[in-house]
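Each chain is listed here by its residues.
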Amino acid sequence: MKDNLRAVVTGAGSGIGRAIAGRLAAEGARVVVNDLDAKAVAAVAEETGALPVPGDAATEEGAARLVDEAEWLLGGIDVWFGNAGVDKGRGLGAAEADWLASYDVNVMAHVRAARLLVPRWIAAGGGRYVLTASAAGLLTMLGSPAYSVTKHGAVAFAEWLSASYRHRGIVVQAVCPQGVRTRMFDGADDLQALLVHDGVLTPDEVAEAVWQGLAHDRFLVLPHPRVGDYVRRKAADEDAWLAGMNRIQQRLDSPAPPA
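Enquirer: Is there a simple way to explain the overall build of the protein in this structure?
Expert: From N to C terminus, the protein includes 10 helices and 7 strands. The C-alpha radius of gyration computed for the protein amounts to 18 Å, which stays within 12% of the reference 18 Å derived for 259 residues, consistent with globular compactness. A sequence separation of at least 24 residues applies to 64% of the contacts in the protein between residues at least 6 apart. With an accessible surface of roughly 12,500 Å², the protein has 54% of that area assigned to carbon and sulfur atoms. Separation of charge centres in the protein, based on 25 positive and 31 negative side chains, amounts to 4 Å.

Set out below in structure tokens:
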């Protein structure tokens, strides 16, 4: 990884994004932090020395503004951490608005950023797009259809981006953790039992895995290594894997025993 790294982190107001910004800054990177929560991103900037650019990076206008301001502030962008994400709606009855918001933030935000970044990176000789997806994007997340489907979409877009542009110097990586102690985890309610199966990491632990991932260029960054085992098991026999997931769903459907 080059010295004087110039990086942008979206969703940096809390959780994994905040931790990634802090880890980058500790390594001497120059960092622009973005979040919808202007106060939160200002606090992160103050504690890390990053430069705050608040706003909605999921919209075409917001993405363009963020890319342009970050390039002006940093003199260029070497790596983009597309970390912003949402988990909205539960079950088959999840509202249309939840599906649309999930698609916009979890998928289209990456498309909109890449449209702007990739041509500039090709002209400059290379760049790196690091996308925070989820183990749900490789497997699934029971109870959260919009999250699962759109995180699959995020991984699929990252795969397409890598397959299409790696020969042009574009490195693409997908970060796919399981349970991480963030506000999203705290709001998972009855789904927390699934997320803790292989341990709950702190955002700092995920940020460390991300930092280490920058050195090897491999597509998947798996803060929970067991996720790789699950992916291989699923690929070997998807019907058996789906049957196992359904058994977990049946346990979730069963009423709790009386106290």
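Moving on from the coordinates now.
Enquirer: Explanation requested: helix α10 (residues 238-253) in the structure shown.
Expert: The periodicity of an α-helix, 3.6 residues per turn, causes residues three or four places apart in sequence to face the same way. For α10, which comprises 16 residues, the first-to-last C-alpha distance of 22 Å matches the rise-based estimate of 22 Å (1.5 Å per residue) to within 8%. All of the buried residues in α10 are W241, G244 and M245. The arc that holds every buried residue of α10, seen down its axis, measures 95°, which confines them to one face. Turned more than 90 degrees away from the buried face of α10, the exposed residues are D239 and D253. Buried residues along α10 sit in contact with α9 (226-236).

Enquirer: It is not clear to me how the environment of A101 should be interpreted in this structure. Could you clarify?
Expert: Of note, A101 is situated in helix α4 (residues 96-124). For the pair A101 and R251, spaced 150 residues apart in the sequence, the C-alpha separation amounts to 30 Å. Non-local contacts of A101, meaning those with residues more than four positions away in its chain, are made with V86 and K88.

Enquirer: How should I be thinking about the packing of helix α3 (residues 60-74) against α4 in this particular structure?
Expert: The geometry of a pair of packed helices is captured by two quantities: the angle between their axes and the separation between those axes. Running from N to C, α3 and α4 point in directions that differ by 35°, and their axes come no closer than 8 Å. In this structure, the crossing between α3 and α4 has a hand that is right-handed. Contact residues: α3 offers E60, A63, A64, V67, D68 and E71, while α4 offers R112, R115, L116, L117 and R120.

Enquirer: So what exactly am I meant to see when it comes to the nonpolar core here?
Expert: Ranked by internal contacts, the top residues of the largest apolar core, which has 38 residues, are I77, W80, L117 and Y129. Of all elements in the fold, only α3, α4, β5 (127-132), α5 (145-165), β6 (170-175), α9 and α10 reach the threshold of two or more residues within this core. Ranked by residues supplied to this core, first place goes to α4 with 7 residues. Not counting residues up to four positions away in its chain, the partners in contact with I77 are R6, V8, V67, A70, E71, L117 and W121. Counting 28 residues, the second-largest nonpolar core is a separate cluster that includes V9, A19, A21 and A207.

Enquirer: Sorry, what's going on with the side chain of K151 here?
Expert: By the secondary structure assignment, K151 is in helix α5. Within the buried core, K151 has no salt-bridge partner, and the shortest N-O distance to an opposite charge, that of D87, equals 9.4 Å. Looking at K151, its side chain comes within polar contact range of the main-chain oxygen of T132, at 3.2 Å. Ignoring sequence-local partners within four residues, the contact set of K151 consists of G85, N106, T132, A133, S134, A136 and G137.

Enquirer: Would you mind going over the pattern of salt bridges with me for this structure?
Expert: Note that side chains of opposite charge can pair when their charged atoms are close. All chains considered together, the criterion is met by 12 salt bridges. Of the charged contacts, one joins R6 and D78 as a salt bridge, the two residues approaching to 3.0 Å between their closest N and O atoms. On the criterion of sequence distance, the pair formed by R6 in strand β1 (residues 6-9) and D78 in the loop between α3 and β4 (79-82) is long-range, its members being 72 residues apart. R128 serves as the salt-bridge partner of D217, at 2.8 Å between the closest nitrogen and oxygen. Taken together, the residues D217 in the loop between α8 (203-216) and β7 (220-221) and R128 in strand β5 connect sequence positions 89 residues apart. By relative accessible area, which is 37% here, D217 ends up partly exposed. Ionic contacts of the salt-bridge type, sharing partners, join the residues R23, E27 and E208 into one network.

Enquirer: Which parts of the structure should I look at to understand the pairing of strand β2 (residues 30-33)?
Expert: Every regular strand shows the same layout, with side chains that alternate between the two sheet faces. Pairing between β1 and β2: 4 bridges, direction parallel. Looking at the pairing, R6 lines up with R30 of β2. Note on the crossover from β1 through helix α1 (residues 15-26) to β2: the handedness is right-handed. Here β2 pairs with strand β3 (residues 51-52) via 2 bridges, running parallel.

Enquirer: Can you help me understand the sheet that holds β1 in this one?
Expert: The pairing of strands in a sheet happens through backbone hydrogen bonds and is either parallel or antiparallel. Read across the open sheet, the 7 strands follow the order β3-β2-β1-β4-β5-β6-β7; overall the sheet is parallel. Of all strands in the sheet, those bounded by a partner on one side alone are β3 and β7. Strand direction decides the pairing type here: β4 and β5, joined by 4 bridges, are parallel. By the bridge assignment for β5, V79 is matched with R128. Set on the sheet, α3 makes contact with β1, β2, β3 and β4; between it and β2 the angle comes to about 155°.

Criteria and cut-off values
Residues numbered from 1 in each chain as written. Predicted model: local features only at pLDDT ≥ 70, side-chain atom pairs only at ≥ 80, totals over all residues. Heavy atoms only, no water. Helix = DSSP H or I, 4+ residues; strand = E, 2+ residues; numbered from the N terminus. Rg over C-alpha atoms; globule rule 2.2 N^0.38 Å. Contact = heavy atoms within 4.5 Å. Areas by Shrake-Rupley, 256 points an atom, 1.4 Å probe, with all protein chains shown as cover. Lys, Arg positive; Asp, Glu negative; His and termini not counted. Charge placed at Lys NZ, Arg CZ, Asp CG, Glu CD. Expected span 1.5 Å × (residues − 1). Buried < 20%, exposed > 50% of the residue type's maximum accessible area, 1.4 Å probe, protein only. Arc of directions from axis to C-beta. Axes fitted to C-alpha atoms, helices over the stretch in contact; angles between N-to-C directions. Left-handed = near helix turned anticlockwise from the far one by under 90°. Core = buried A, V, L, I, M, F, W, Y, C linked by side-chain atoms within 4.5 Å. Salt bridge = Lys/Arg side-chain N within 4 Å of Asp/Glu carboxyl O. Polar contact = N/O pair within 3.5 Å; in protein donor to acceptor, adjacent residues only side chain to side chain. Pairing = 2+ DSSP bridges. Right-handed = clockwise from strand over helix to strand, strands pointing away.

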